[in-house]
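# Coordinate analysis (summary)
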Amino acid sequence: MAPTVFFFGGQGAYQPGMFKRFARSSRLEDALATIDSVAAEFGHPGVGRALFDAEAPKAAELARTDPFALQLTVFAAAVGSFYRRHDAERDSVLVGHSLGELAALTVAGGFDVADGARLVCLRSEALKSAEVPPGGMLAVELSERRAAHLVGTIGDRHSCVAVVNAPQWSVLSGPLEALNTAQRLCEAMSIRVRTLPSPYAFHSPGLAVAAEAFAASASRIRQRPLRHAVYSPVLGDFVTDATDCVALLVKHLTTKVDFLGAVRALHAEGMGAFVECGRSGLASLVRASVPDVTEVAEVAEVAPREADPVQAPKPVLTVVPRPALPTAQSVALKLRQLYAASLGFPEEAISVDADLEADLGIDSLKRTEMLSKVRAQFALPENVNDGRLHAHATLSQLAALVVEALSHTNGVNGVALAHDPPALPTVQSVALKLRQLYAASLGFPEEVISVDADLEADLGIDSLKRTEMLSKVRAEFALPESVNDGRLHAHTTLSQLGALVVEAMGGAAEAPKPISSEIRIVAPTSDVGGVLSHLREIYASHLGFPVEAVLADTDLEADLGIDSLKRTEMIGKVGSIFELQDAIKQGRFFAHNTLRELAGMISESLAQAASFAGGR
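In what follows, the accompanying structure is described. (Residues numbered from 1 in each chain as written. Predicted model: local features only at pLDDT ≥ 70, side-chain atom pairs only at ≥ 80, totals over all residues. Heavy atoms only, no water.)

## Observations concerning the pairing of strand β4 (residues 160-166)
To keep things clear, this is the line we draw: Only protein chains enter the accessibility calculation, which uses a 1.4 Å probe; a residue whose area is less than 20% of its type maximum is buried, one above 50% is exposed, and one in between is partly exposed. Secondary structure counts use DSSP, requiring at least four H or I residues in a row for a helix and at least two E residues in a row for a strand, with both numbered from the N terminus. Should DSSP find at least two bridges between two strands, the strands are taken to pair.
Among the seven residues in β4, seven count as buried, and that is most of the element. As judged from the five bridges shared by β4 and strand β5 (residues 169-175), these two strands associate in the antiparallel manner. Note that in β5 the partner of Val164 across the bridge is Ser170. Joining the antiparallel neighbours β4 and β5 is a turn of two residues. Bridging between β4 and strand β9 (residues 257-258) involves two bridges; their strand directions are parallel. By the bridge assignment, Val164 is partnered in β9 with Asp258.

Next comes the structure, spelled out in structure tokens:
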């Protein structure tokens, strides 16, 4: 059986009163008492009370008024969350996110609780004595590469991508002025941002002086043998007894945390059970980062009754039973047959682990063509359009993604399962499914999203993001494209949307009356200006940008983040709209850097086509 992975949260691990509703254990009490006694050594009040008092200061308030207390409370919350409910097996793997790595090392035995707390205090004193300039951290809904472009645009040498949380979530760190600039730029492009309750610009070069002071003061702390394996998102590898853990914690202050890389590395090692110690939102990041986690669900915490205190159940990840699916190996062999027949190769010449581009010469155009055949072969629905399908390098990787896609449909081995029409779901059950969908897509912990929360006022979901999410809702509930009722766009809560979805599912046989006609882009004449105007509308619509943000001379890759895969997809859409599918096959259409260049190529091709038609 694969080991269980336990995650320890960082800055988001603490919530006031987070232990209030649960029975106290002697192990938890002893740990918190030890941490409070260490706080007294440094002349500070204890922090354990805040974990049981819902009226205690929140993390954002402590970040402003008492950074020392915040850091020690975060450590106590992470260690306490584990001690309150868990007994890790010998072969378990512990992973800490940011400051959570110190908690992971402590629970693993690398430090006792007292020395772990002392390291937190010494770290806080070093940060204070170094007179670090005001800084902070900003979560942005961007990949690491696009986040790095944003940092480059700001042009502040003390700012950086500090944390890579998930494929589309990164954290910037730097001076407050630079982060304010980044936030304004993101808001202008309708990119979601969230300020983290962090008193300093952690994991950035601006903390180098503090890191040096911390190294000097922490050198007296004794490191102990590890009782459990620890994987470090900073090292990108397992920690061993030969690792200088104090030096690792010093390195933390100025080095990036690759949480996404850690999750994927452990998942690739066959680890499929991930348990979050606390409720800092790491579970949702895991689900967004590796393919198989849609198969698992975290068991909710149950509050004990006042008169009959019991321990809350351990949050375990439970596999959800599904219909029998083909194995990845059998799918890979079917793919080999399909590719051999389509490419004219002998089947034995194609290895399922061969690199499709380097070894078989399958470029991006051919890849797109073959994926269409794969969808037909395995009866994958059209809404299965995950970018990972395009990013696979081998047939083995593609097979794993096909099996994953099949697990989300009602088909097994490409054959539809016959069944009676299911009863309509209730509004409540749909609202809860919507909450799961929105939490996973927005990168929020599921528990922070209320089904009655105002999506715009409380969660910051603007009209562009609302449109994007409605596309996902249609795919999730298999709503027909004809369901384009303006009320879907006008909903303000998930409860309202749930009621509309149930109504749409019940009346799917009758086409609803459209409230507004669908906008259609009609291929223009060969005028460059007209072509350019249409291209801006097309790219803005498909990328979710305002039209005014997509300029004629904007660099599509550097400024808009359109990589080669996305470029191929967009060229296909453009070719279909302008009826230039044959001309698109010419490589020069893929060499453009701006829409002005592409407009010129399209205009020229349209003129040539018109001339040819007129001369026949």
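## Overview of the packing of helix α12 (residues 328-343) against helix α13 (residues 364-378)
The condition that has to hold: Fitted lines through C-alpha atoms serve as axes, helices being fitted only where they are in contact, and the angles separating the N-to-C directions of these axes extend from 0 to 180 degrees. Roughly parallel refers to an angle under 35 degrees, roughly antiparallel to one over 145, roughly perpendicular to one between 65 and 115, and oblique to any angle outside these ranges. Crossing handedness is defined as follows: a turn of the near helix away from the far one that is anticlockwise and smaller than a right angle gives a left-handed crossing, while the clockwise case is right-handed. Note on definitions: a residue-residue contact is assigned when non-hydrogen atoms from the two residues lie within 4.5 Å.
The N-to-C vectors of α12 and α13 enclose an angle of 125 degrees; their axes lie 11 Å apart at closest approach. Put simply, α12 runs oblique to α13. Between α12 and α13 lies a crossing of right-handed hand. Here Val331, Lys334, Leu335, Leu338, Tyr339, Ser342 and Leu343 of α12 come into contact with α13, specifically with Lys366, Met370, Lys373, Val374, Gln377 and Phe378.

## What about α13?
Given 3.6 residues per turn, any residue in an α-helix points the same way as the ones three and four places further on. Put simply, the test is: To estimate the expected span of a helix, count its residues, drop one, and scale the result by 1.5 Å. By definition, the arc is the one covered by directions from the helix axis to the C-beta atoms.
Look at α13: 21 Å from first C-alpha to last across 15 residues, which is about the 21 Å you get at 1.5 Å a residue. All buried positions along α13 are accounted for by Arg367, Met370, Leu371, Val374, Arg375 and Phe378. Down the axis of α13, the buried set is contained in an arc of 150 degrees. They therefore lie on one face. After α13 finishes, the residue Ala379 shows a positive phi value of roughly 55 degrees.

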